[in-house]
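Spelled out from the first residue to the last, the chains are:
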Amino acid sequence: MERVLIRDLKAHVGKEVTIAGWVDVRRDQGKMVFFDFRDRSGMVQGVVLPKSEAVDAAKETRHEYVVSVTGKVNVRPQKNVQAGKLNGDIELEVLRIEILSRAQELPFEKDTDINIDTRFDYRPFTLRSQRDHDIFKVQATVVDAYRQSLIAQDFTEFQAPSLVGGDAEGGAAVFKVDYFNDRTAYLATSPQLYKQIMVGAFERAFTVARIFRAEKSATTRHLSEATCVDFEMGFISDEREVMATLERTIRDVVETVAKKHADVFERMGVPVPALGDKFPVLTLREAHEKLGVTPEDDMTPEHERNICEWALKEHGSDFVFITRFPTNARAFYTMAEDGTLSRGFDLLFRGLEINSGAQRIHNYDEMVARIKERGMDPDKFQFYLQAFKYGIPPHGGCSTGIERFTMKMLNLGNAKEASAFPRDMNRIDLLLSQEGA
Ligand code: AMO
């Protein structure tokens, strides 16, 4: 019999159907066995009556067994109806169970609230929990909505390389790759140089890229391997145009996620991000003034949190832009606004930087001079510099960290929770100190 998805069962009331999925829960009540069956589309209660030929198989079946179940879709008695829940008004009277795959004893119950390290240690299992399911469904929508919004704004997607000859970000800790005989290669810390090259060919380009940062500390906001959506656009007059494009994109993403996953926000008890009328913009100096602290070259994590509280209170926005960072504190390709301040910006969301961007230098000679000024060798950048040699329009762009964006969207305590397979100093799948890792 053809498989019916659990979310579609209601259309089959009174009929015999076959579903396939996991045993989410099994409860024995007297001579009857109750199940919750789970597939990719949802859950349904199943009941095995004492006379059913499925009784023997039902007794053998345990949590996370993979089964194919044939049964009759019945309307539940009124007193058992669970209003507002998928399939809360129907159940499957189980006629036959075929065990497709067995599960060994589980380390703990699937939806138990366990500490973060245990959650990661058992990732292949804990990804099945409602919480992780919610996080990664939302994340998939974030990436898809981001992509759709940029495509609608006429950006062309490209695939950036992860093996590179140098570090685009300068200062960002970089992983060395020992393979190419006469030359050290690195894992890309950013698709930066390649997205700029793409502007020379496509005007507007974006990529969903893996970035690698050999962070020397374990924090709640740093991963060794992260995912970014990077875009870059030509023919801008200043960084404000990049910020406007980013704002439009972020609004599209939040609106799409809010609409599609209203149930997740409710389950997690998290408000949908507040967008306000317009994301407020503060220069770094203004931000420090507002906070009554001594001006510095960057925002501390505490300043980021406090300025976001201000933005929500004064502008009804969970997002706030900070601009005019000192040029020296930004990457080499950043255009200067005047002597010391830059055309770079950060976007903060619920207390954390989730995006960084800028207008870039586009003049070849200026770029070469800047590279030298930073003590680097222009020869090492000759491939990248071709883009400037052969005519590149004024341009700028930015990069959003997807784990950080998801983390703040759902108010998670740690960016690693928003990575299906997080890596940091101490972990590649398993803790590196663990046996067998
Ligand atoms: P930046 O270094 O600020 O800028 O990175 C851009 C965004 O990427 C995310 N991110 C990280 N997320 C998790 N773990 C990390 N270790 C990590 N490092 C960065 C953050 C951050 O805002 N080339 C510039 C961008 C540009 O100018 O277009 C860049 O890489 O969310």
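*Asks:* Explain the pairing of strand β14 (residues 344-349) to me, and be specific about the residues and the numbers.
*Replies:* Judged by how many residues are buried, β14 sits mostly within the fold: 6 of 6 residues are covered. Side-chain alternation along β14 places G344, D346 and L348 on one buried face and F345, L347 and F349 on a second face that is also buried. Summarising the sheet, strand β13 (residues 319-323) and β14 pair through 5 bridges and their orientation is antiparallel. Across the sheet, the residue bridging to F321 is L347, located in β14. Where β14 lies against strand β15 (residues 352-359), 6 bridges are found, and the strand directions are antiparallel. Counted as the bridge partner of F349 is L352 from β15. Following β14, the chain reverses through 2 residues before pairing antiparallel with β15; R350 in that reversal takes a positive phi of roughly 50°.

*Asks:* Can you break down the packing of helix α4 (residues 130-152) against helix α12 (residues 402-409) residue by residue, with the values?
*Replies:* Axis separation between α4 and α12 bottoms out at 10 Å; the angle between their running directions is 120°. Judged by the inter-axis angle, α4 sits oblique to α12. Helix-helix and strand crossings are classified by hand; for α4 and α12 the assignment is right-handed. Contacts from I135, V138, Q139, V142, V143 and Y146 in α4 reach I402, E403, F405, T406 and M409 in α12.

*Asks:* Can you tell me about the sheet that holds strand β8 (residues 176-177), naming the residues and giving the values?
*Replies:* Sheet architecture is open: 3 strands sit in the order β7-β9-β8, paired in antiparallel fashion. Unpaired on one side and paired on the other, β7 (163-164) and β8 mark the two borders of the sheet. Pairing geometry for β8 and strand β9 (residues 185-187), over 2 bridges, is antiparallel. Bridge assignment links K176 to a residue of β9, and that residue is Y186.

*Asks:* Tell me about helix α11 (residues 382-389), and please be specific about residues and values.
*Replies:* Of all the positions in α11, only Y384, L385, A387 and F388 are classed as buried. Angularly, the buried residues of α11 cover 135° about the axis, an arc narrow enough to put them on a single face. Summarising the geometry of α11, the exposed residues directed more than 90 degrees from the buried face are Q382 and F383. Where α11 is buried, its residues touch α5 (192-202), α10 (364-373) and β16 (395-401).

*Asks:* Which residues make up the nonpolar core, and what values do they have?
*Replies:* If you look at soluble globular proteins, the nonpolar side chains tend to sit buried side by side. Membership of the largest hydrophobic core comes to 42 residues, with the highest contact counts inside it found for F231, L246, I250, F319, F405 and M409. Not counting chain neighbours up to four residues away, the residues in contact with L246 comprise Y146, F231, F321, F345, L347, N355, C398 and T400. Listed in part, the 25 residues of the second largest apolar core include I19, V23, V55 and L92.

*Asks:* Before we move on, could you go through the domain arrangement of the protein chain and cite the residues and values that matter?
*Replies:* Domain boundaries assigned for the protein chain yield domain 1 (6-101) and domain 2 (117-431). Domain 1 and domain 2 are separated by 45 Å when their C-alpha centres are compared.

*Asks:* Could you give me a rundown of the site of the ligand, with the residues and numbers involved?
*Replies:* Surveying the vicinity of the ligand reveals 24 residues, the closest of which are Q192, K195, R213, E353 and R360. A distance of 3.4 Å separates an oxygen atom of the ligand from a polar atom in the backbone of N355. With respect to the ligand, the side chain of R360 contributes an N or O atom lying 2.7 Å from an oxygen atom. When the ligand is considered free in solution it has 630 Å² of accessible area, and contact with the protein chains removes 93% of it. Looking at the shell around the ligand, the elements with two or more residues in it are α5, β11 (225-234), β15 and β16. The element that contributes the greatest number of residues to the shell around the ligand is β15, accounting for 5 residues. When the residues that make up the shell around the ligand are grouped by side-chain class, the tally is 7 nonpolar, 9 polar and 8 charged.

Conventions we followed
- Residues numbered from 1 in each chain as written.
- Predicted model: local features only at pLDDT ≥ 70, side-chain atom pairs only at ≥ 80, totals over all residues.
- Heavy atoms only, no water.
- Buried < 20%, exposed > 50% of the residue type's maximum accessible area, 1.4 Å probe, protein only.
- Helix = DSSP H or I, 4+ residues; strand = E, 2+ residues; numbered from the N terminus.
- Pairing = 2+ DSSP bridges.
- Axes fitted to C-alpha atoms, helices over the stretch in contact; angles between N-to-C directions.
- Parallel < 35°, antiparallel > 145°, perpendicular 65-115°, else oblique.
- Left-handed = near helix turned anticlockwise from the far one by under 90°.
- Contact = heavy atoms within 4.5 Å.
- Arc of directions from axis to C-beta.
- Core = buried A, V, L, I, M, F, W, Y, C linked by side-chain atoms within 4.5 Å.
- Domains from an automatic or database assignment.
- Near = heavy atom within 4 Å.
- Polar contact = N/O pair within 3.5 Å; in protein donor to acceptor, adjacent residues only side chain to side chain.
- Areas by Shrake-Rupley, 256 points an atom, 1.4 Å probe, with all protein chains shown as cover.
- Nonpolar A, V, L, I, M, F, W, Y, C, P; charged D, E, K, R; others polar.

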